[in-house]
Amino acid sequence: MQTTDDPKFVKGLQLCQHFYTECVQPLLAAHFPNVPYSAARIGHGSDVLGFDTPQSMDHDWGPKLNLFLRDEDLATLQSEIDWCLRENLPYTIRGFTTNFGHHDDGTANWAYIEEGPINHGVSFHSVKGYCGEQLNLDPAQALRPVDWLTLPSQILRTMTAGRVYHDGLGQLEPLRVKLAYYPYNVWLYLLACQWRRISQEEHFMGRCGQMGDELGSRMVAQRLVMDLMNLCFLMAREYAPYIKWFGTAFAQLPCAPKLTPLFDQILNARRWTEREPPIMEAYSTVAQIHNELILTEPLSTETVSFYGRPFQVIFGDRFADALYAKIIDKAVLALPKNIGSIDQFVDSTDLLSYPSQRVRLRGMYG
């Protein structure tokens, strides 16, 4: 736990950079000069995403490193390198302890010591093994459309965020380039499916309100806002993080200054007639962003009445159809037309978090 004597907060990726260059790298150079390796801070953690704050220091935060070795070196040298670090790392780096203990719930906490072996924050992997753990994929194999669709965006973000400090294996940076974003035709497919989601519920907000069900109308509005935000991530070619950091990451998108006030108005409105004007403007704004991408012919950004009913909609299916018509990859065209990716039909934390749970979903795509 942090105390009054603890050092002031710095961003975790910066601290990990110092940990590598000032502590780990010199030891590896001195004791294992002929062993190639890669060093990074990727994977889980608010620091990896760049969203850590002083509050983050209370658990699973501090000088950490992912150390990648060749498969044969991982099998024969991991214990030796681990012991070298335990025995020779300094007890502190820039005022922060390099030793970790554990809270009762298993999360890591700081544990200052002055003697004895260090329980350090360096984890050992092979690139192939790490990809198996995180993605259930072999990094040497080409990714098929079905592979992309069953990889949660939150996992892809953790694999491509963070920082690589050294890539002596020459595998980590190419992997991150490979995972940087969806292939073009898969992207079109995801955009089309996201617009389809919006089209399927955009008229429900007003209908619920018309029936006097303002709670139901507010719930539909919340779903529509979430769908619009996810669409914005897709249009910005950014992987969306999990819900804890969803709004924080959205605030960094170019469209956020325009859309965030509208979304606030939508969610804070007490009646459907009050939330309809801002959602109409949000629809038009997102439609304009679509047109600016020049993925399809320009489409009208004006909202209209839903088949004569007193509810304004953008008719998102127009955008879905136009995007789908631009797909030329036969493997993507063979996918179920409106299913989308795991992020578009699953919200189970366990399913999104653990690769072994996701393998069976590939059968949905034929």
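Predicted, not measured: the structure shown is a model, and the values here were computed from it.

Asks: Whenever I open this one, the pattern of salt bridges confuses me. Can you help?
Replies: Opposite charge on two side chains lets them pair, provided their charged atoms get close. Using the criterion set out here, one finds 14 salt bridges in the structure. In this structure, Glu214 and Arg275 form a salt bridge, with 3.1 Å as the shortest nitrogen-oxygen distance. Placement of Glu214 in helix 10 (residues 214-235) and of Arg275 in helix 13 (residues 272-293) is noted, with a sequence separation of 61 residues between them. Within this structure, Arg70, Glu72 and Asp73 form a network of salt bridges that share partners.

Asks: Sorry if this is basic, but what is going on with the sheet that holds strand 7 (residues 122-125) here?
Replies: Across a sheet, paired strands are connected by hydrogen bonds in the backbone, their directions being either parallel or antiparallel. The four strands lie next to each other as 7-2-1-8, forming an open sheet whose pairing is mixed. Each edge of the open sheet carries a strand with a single partner, namely strand 7 and strand 8 (163-167). With direction set aside, neighbouring strand axes in the sheet form an average angle of 20 degrees. The sheet contacts of helix 1 (residues 12-31) involve strand 1 (37-41), strand 2 (65-69), strand 7 and strand 8, and relative to strand 8 the element is tilted by about 15 degrees.

Asks: What am I meant to see in the environment of Glu80 here?
Replies: Relative to the helices and strands, Glu80 is located in helix 3 (residues 71-88). Here Glu80 falls in the partly exposed class, since its relative accessible area comes to 46%.

Asks: What is the right way to look at the packing of helix 10 against helix 13 in this model?
Replies: Helix-helix packing is characterised by the crossing angle of the two axes and by the distance between the axes. Remark: helix 10 packs on helix 13, axes separated minimally by 11 Å, with the N-to-C direction vectors making an angle of 15 degrees. By the angle class used here, helix 10 and helix 13 are roughly parallel. Of the two elements, helix 10 crosses helix 13, and the hand of that crossing is left-handed. Counting all contacts with helix 10, which are made through Glu214, Ser217, Arg218, Ala221, Leu224, Leu228, Leu231, Cys232 and Met235, the residues of helix 13 involved are Trp272, Arg275, Ile279, Ala282, Tyr283, Val286, Ile289, His290 and Leu293.

Asks: What's the story with helix 3 in this structure? I'm lost.
Replies: Given 3.6 residues to a turn, an α-helix orients residues that are three or four positions apart in the same direction. Across its 18 residues, helix 3 extends 24 Å between first and last C-alpha, which sits within 8% of the 26 Å expected from 1.5 Å per residue. Where helix 3 bends most, at Leu77, the angle is about 65 degrees. For helix 3, every residue scored as buried is listed here: Asp73, Leu74, Leu77, Ile81, Asp82, Cys84 and Leu85. Check the buried side of helix 3 and you find it contacts helix 1, strand 2 and strand 7.

Asks: Looking at this structure, I do not really get unusual backbone geometry. What am I missing?
Replies: Among all residues save glycine, negative phi is the norm, and among peptide bonds the norm is trans. Positive phi, normally seen in glycine, also occurs at Ile294, with a value near 55 degrees. Here Ile294 shows up in the loop between helix 13 and strand 9 (304-306). Positive phi, normally seen in glycine, also occurs at Tyr307, with a value near 50 degrees. With respect to the element layout, Tyr307 can be found in the loop between strand 9 and strand 10 (309-313).

Asks: Explanation requested: the nonpolar core in the structure shown.
Replies: As a rule of thumb, soluble globular proteins bury nonpolar side chains together. Formed by 80 residues in total, the largest nonpolar core has its most connected members in Tyr182, Tyr189, Trp195, Phe250, Leu259 and Phe263. Sorting elements by how many residues they give to this core places helix 10 first, with 11 residues.

Asks: Where do I start with the side chain of Asn66 in this structure?
Replies: Relative to the helices and strands, Asn66 is located in strand 2. At 3.5 Å, the side chain of Asn66 forms a polar contact with the side chain of Ser123. Once residues lying within four places of it in the same chain are set aside, the contact partners of Asn66 are Ser38, Ala39, Ala40, Arg41, Ile42, Ser123, His125 and Tyr130.

Asks: For this particular structure, what's the right way to read helix 11 (residues 243-250)?
Replies: Along helix 11, the positions that sit buried rather than exposed are Trp245, Phe246, Ala249 and Phe250. One side of helix 11 carries all its buried residues, which in axial view fall inside an arc of 140 degrees.

Asks: What is the right way to look at the packing of aromatic side chains in this model?
Replies: Aromatic ring pairs are described here by two measures, namely the spacing of the ring centres and the angle between the planes. Considering all chains together, one arrives at 22 aromatic pairs under this definition. Here the aromatic rings of Tyr181 and Tyr239 are separated by 5.0 Å at their centres, their planes lie at 35 degrees, and the arrangement is tilted. A residue pair is termed long-range when its members are at least 10 positions apart, and Tyr181 in the loop between helix 7 (172-178) and helix 8 (184-201) and Tyr239 in the loop between helix 10 and helix 11 qualify at 58 residues. Here the two residues Tyr181 and Tyr239 agree in accessibility, since each one is buried. Each residue in the set Phe9, Trp61, Phe96, Trp110 and Tyr112 is aromatic and connected to the rest through ring pairs, giving one cluster. A cation over an aromatic ring shows up here: Lys64 above the ring of Phe100, its NZ or CZ 5.7 Å from the ring centre. The ring of Trp187 has Arg237 lying over it, and the distance from NZ or CZ to the ring centre is 4.4 Å.

Asks: Which parts of the structure should I look at to understand the state of the cysteines?
Replies: Here a disulfide denotes a covalent bond joining the sulfur atom of one cysteine to the sulfur atom of another. Taken as a whole and judged by the stated rule, the model has zero disulfides. Cys16 takes part in no disulfide bond, and the closest cysteine sulfur to it belongs to Cys23, at a distance of 11 Å. A relative accessible area of 0% means that Cys16 is categorised as buried. By relative accessible area, Cys23 is classed as buried at 4%.

Asks: Explanation requested: the environment of Val346 in the structure shown.
Replies: Here Val346 is to be found in the loop between helix 16 (342-345) and helix 17 (349-353). When the C-alpha positions of Val346 and Ala249 are compared, they lie 20 Å apart, and in sequence the two are 97 residues distant. With sequence-adjacent residues up to four places away left out, Val346 is seen in contact with Leu351 and Leu352.

Asks: Sorry, what's going on with the environment of Leu224 here?
Replies: As for its position among the elements, Leu224 is in helix 10. When the C-alpha positions of Leu224 and Tyr283 are compared, they lie 9.9 Å apart, and in sequence the two are 59 residues distant. Discounting chain neighbours no more than four positions away, the residues touching Leu224 are Ile198, Glu201, Glu202, Met205, Ile279 and Tyr283.

Rules used throughout
- Residues numbered from 1 in each chain as written.
- Predicted model: local features only at pLDDT ≥ 70, side-chain atom pairs only at ≥ 80, totals over all residues.
- Heavy atoms only, no water.
- Salt bridge = Lys/Arg side-chain N within 4 Å of Asp/Glu carboxyl O.
- Helix = DSSP H or I, 4+ residues; strand = E, 2+ residues; numbered from the N terminus.
- Pairing = 2+ DSSP bridges.
- Axes fitted to C-alpha atoms, helices over the stretch in contact; angles between N-to-C directions.
- Contact = heavy atoms within 4.5 Å.
- Buried < 20%, exposed > 50% of the residue type's maximum accessible area, 1.4 Å probe, protein only.
- Parallel < 35°, antiparallel > 145°, perpendicular 65-115°, else oblique.
- Left-handed = near helix turned anticlockwise from the far one by under 90°.
- Expected span 1.5 Å × (residues − 1).
- Bend = angle between axes of the 7 residues up to and from the residue.
- Core = buried A, V, L, I, M, F, W, Y, C linked by side-chain atoms within 4.5 Å.
- Polar contact = N/O pair within 3.5 Å; in protein donor to acceptor, adjacent residues only side chain to side chain.
- Arc of directions from axis to C-beta.
- Phe/Tyr/Trp six-rings, centres within 6.5 Å; stacked < 30°, edge-to-face > 60°.
- Lys NZ or Arg CZ within 6 Å of the ring centre and 35° of its normal.
- Disulfide = S-S within 2.5 Å.

Just distances and angles here, no functional claims.
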